[in-house]
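Residue-level listing of the chains:
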Amino acid sequence: MHAFSHAEIHATRTAEAAAWRRAREAAPHLRPLPSCALRNRLGEALIVVGIRLIQPAHLHRRITRPYGGAA
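Residues numbered from 1 in each chain as written. Predicted model: local features only at pLDDT ≥ 70, side-chain atom pairs only at ≥ 80, totals over all residues. Heavy atoms only, no water.

Let us now look at the overall build of the protein chain. Looking only at helices and strands, the protein chain features two helices and zero strands. Across the 71 residues that make up the protein chain, the buried fraction comes to 3%. Looking at the protein chain as shown, the accessible area adds up to about 7,200 Å², and 65% of this sits on carbon and sulfur atoms. (Helix = DSSP H or I, 4+ residues; strand = E, 2+ residues; numbered from the N terminus. Buried < 20%, exposed > 50% of the residue type's maximum accessible area, 1.4 Å probe, protein only. Areas by Shrake-Rupley, 256 points an atom, 1.4 Å probe, with all protein chains shown as cover.)

Structure representation (structure tokens):
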């Protein structure tokens with residue numbers, strides 16, 4: 001497995017950011033629609049649900065005392 005150095009990671013991210021900027025400048029007519037925000041929120045909610053389903057069941061149960069003892 002190849003371990004990337006900090007400099008390699010930084011250079012890669014810088015290049016990706018520059019590519020994204022050039023792409024956005026080349027297509028200024030593309031503006032995010034209001035539906036994009038809704039789609040993003042829906043996607044985030046689905047990710048949260050997926051993570052919750054992956055976690056062990058005991059993390060989802062409420063800790064309750066069957067006979068009303070002190071908490």
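Turning our attention to helix H2 (residues 34-54). Under the 1.5 Å per step criterion, the end-to-end length of H2 is 31 Å for 21 residues, consistent within 8% with the ideal 30 Å. The buried count for H2 comes to one of 21 residues, which makes it a mostly uncovered element. (Expected span 1.5 Å × (residues − 1).)

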